[in-house]
Amino acid sequence: MKQKTSRLLRAMILVSMVGALAGCSSDVQVLTHPEKPRLQGIALYNVGDLSNAAGAFKNAIHQEPRDYKAHYYLGMTYEAQGNYQQAIQGYKASVDSMKATLQGQEAIDLRQKVMNRLAATIARGDDQNLEKDLLASQAADPKLSNQRRAEAYFLLAKVQRYRGDADSAIAAYAKGSELDPKDFWLQKEAGIYMLQAGLKQQANAPLARASKISTHDAELNQAITDIGGLTKENELVPGPKTQLPPGQIVEPITDK
């Protein structure tokens, strides 16, 4: 009982400190209203008070429905509680909210974290086949834009990786990378994964597309070096297929 009381007391102290810091901040942001409850939620989450943390994140979302960070943290909280279906909805809401604000559209690194957590949660959830089928349906829907279909393939590839199905992941990466050649992260991840599987000929195209978008990514440049440089596809010989183990995408739960 004393341990539980001490734990709640620490949470209350952290919440009050975070609230004071939030009130003193002079930074001007696009989304300002949910800042205080979101920070309170983080403080509660970090001391293991997941129930109250979820309430704080919901409060932040109530104040600003487009608060993509609060949606992400709420998804993390549900995932930590084992509520995978609710976590999936939180991550989906975060991705959608990012598209609704300029600030969210520029949060490229966070978007990748959310996408990874979403895929991992789908792969472990009870309704993984239902969610996987939904992604496959979106990817094949001609009424959707190429960008939206490519995003569905991107997520589908990640889910298959977590499930240990390398062949299906590669097929999804290939289709997604063809639909949206301007998505740097999709091209880069597809090329590197294909290269890891020994498919140099297939890896060449997405790596080449990624290099046209950016030449300053160290991981991409290393992959291009490993492939022996970008060349015409008919000059490369594909390596043997290998089944990569699940969990190659590792994204620890953090609050950054």
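Not measured: the values here are computed from a predicted model.

1. Side note on the overall build of the protein
Point 1. Each helix and strand counted, the protein has 13 helices and 0 strands in total.
Point 2. Secondary structure elements of the protein, listed N to C terminal, follow the sequence α-α-α-α-α-α-α-α-α-α-α-α-α.
Point 3. For the protein, with 256 residues in total, the buried portion stands at 49%.
Point 4. Counted over contacts in the protein with a minimum sequence separation of 6, partners at least 24 positions apart contribute 62%.
Point 5. On the protein, roughly 13,300 Å² of surface is accessible, and the fraction owed to carbon and sulfur atoms is 53%.

2. Describing the packing of helix 9 (residues 146–162) against helix 11 (residues 184–196)
Point 1. In the contact formed by helix 9 and helix 11, the axes pass within 11 Å of each other and the chain directions differ by 35°. In the packing of helix 9 onto helix 11, the handedness of the crossing is left-handed. The residues of helix 11 that touch helix 9, namely those facing A150, F154, K158 and R161, are W185, L186, E189, Y193 and Q196.
Point 2. Per-class residue counts for the contact of helix 9 with helix 11 are 5 nonpolar, 1 polar and 3 charged.

3. A short note on helix 2 (residues 35–46)
Point 1. Along its 12 residues, helix 2 runs 17 Å from first to last C-alpha, staying within 8% of the 16 Å computed at 1.5 Å per residue.
Point 2. Looking one or two residues past helix 2, G48 carries a phi angle of roughly 85°, positive in sign.

4. Description of the pattern of salt bridges
Point 1. A complete count under the given rule lists 14 salt bridges for this structure.
Point 2. One salt bridge in this structure joins E64 and R66, with 3.0 Å as the shortest N-O distance.
Point 3. Note that R124 is salt-bridged to E79, the shortest N-O span being 2.8 Å. A residue pair is termed long-range when its members are at least 10 positions apart, and R124 in helix 7 (residues 108–124) and E79 in helix 4 (residues 68–81) qualify at 45 residues.

5. Some thoughts on the nonpolar core
Point 1. Membership of the largest hydrophobic core comes to 65 residues, with the highest contact counts inside it found for Y173 and M194.
Point 2. Per-element accounting of this core gives the leading share, 9 residues, to helix 9.

6. A short note on helix 5 (residues 84–98)
Given 3.6 residues per helical turn, the α-helix brings residues three or four places apart onto the same face.
Point 1. For helix 5, which comprises 15 residues, the first-to-last C-alpha distance of 21 Å matches the rise-based estimate of 21 Å (1.5 Å per residue) to within 8%.
Point 2. When helix 5 is considered as a whole, its buried residues turn out to be A87, I88, G90, Y91, S94, V95, S97 and M98.
Point 3. On its buried face, helix 5 sits against helix 4, helix 6 (102–105), helix 7, helix 8 (128–140) and helix 9.

7. Looking at the environment of A53
Point 1. Tracing the sequence through the fold places A53 in helix 3 (residues 50–63).
Point 2. With 24 residues separating them along the chain, A53 and T77 place their C-alpha atoms 7.3 Å apart.

Here is what the cut-offs are and how they apply
Numbers given for residues are sequential positions, taken from 1 along each chain in its written order. Local features in this predicted model are restricted to residues of pLDDT 70 or higher, and side-chain atom pairs are both shown and tallied only at a pLDDT of 80 or more, whereas totals for entire chains, interfaces and linings draw on every residue. The side-chain values count all of the structure's non-hydrogen atoms but skip hydrogen atoms and water molecules. Under the DSSP-based scheme used, a helix requires at least four consecutive residues in state H or I and a strand at least two consecutive residues in state E, with every element numbered from the N terminus. Only protein chains enter the accessibility calculation, which uses a 1.4 Å probe; a residue whose area is less than 20% of its type maximum is buried, one above 50% is exposed, and one in between is partly exposed. Two residues qualify as a contact provided that any one of their heavy atoms is within 4.5 Å of a heavy atom in the partner residue. Computed with the Shrake-Rupley method and a 1.4 Å probe, the accessible areas treat only the protein chains shown as cover for residues. Note on geometry: axes are C-alpha line fits, over the in-contact stretch for helices, and angles between N-to-C directions span 0 to 180 degrees. Each helix crossing is assigned a hand: it is left-handed if the near helix lies turned anticlockwise from the far helix by less than a right angle, otherwise right-handed if that turn is clockwise. In this classification, the charged set is Asp, Glu, Lys and Arg, the nonpolar set is Ala, Val, Leu, Ile, Met, Phe, Trp, Tyr, Cys and Pro, and all remaining amino acids, among them Gly, are polar. In this scheme, a helix's expected span is set at 1.5 Å multiplied by one less than its residue total. The term salt bridge refers to a side-chain nitrogen of Lys or Arg lying within 4 Å of a carboxyl oxygen of Asp or Glu. In plain words, nonpolar cores are sets of buried Ala, Val, Leu, Ile, Met, Phe, Trp, Tyr and Cys residues tied together by side-chain atoms within 4.5 Å.

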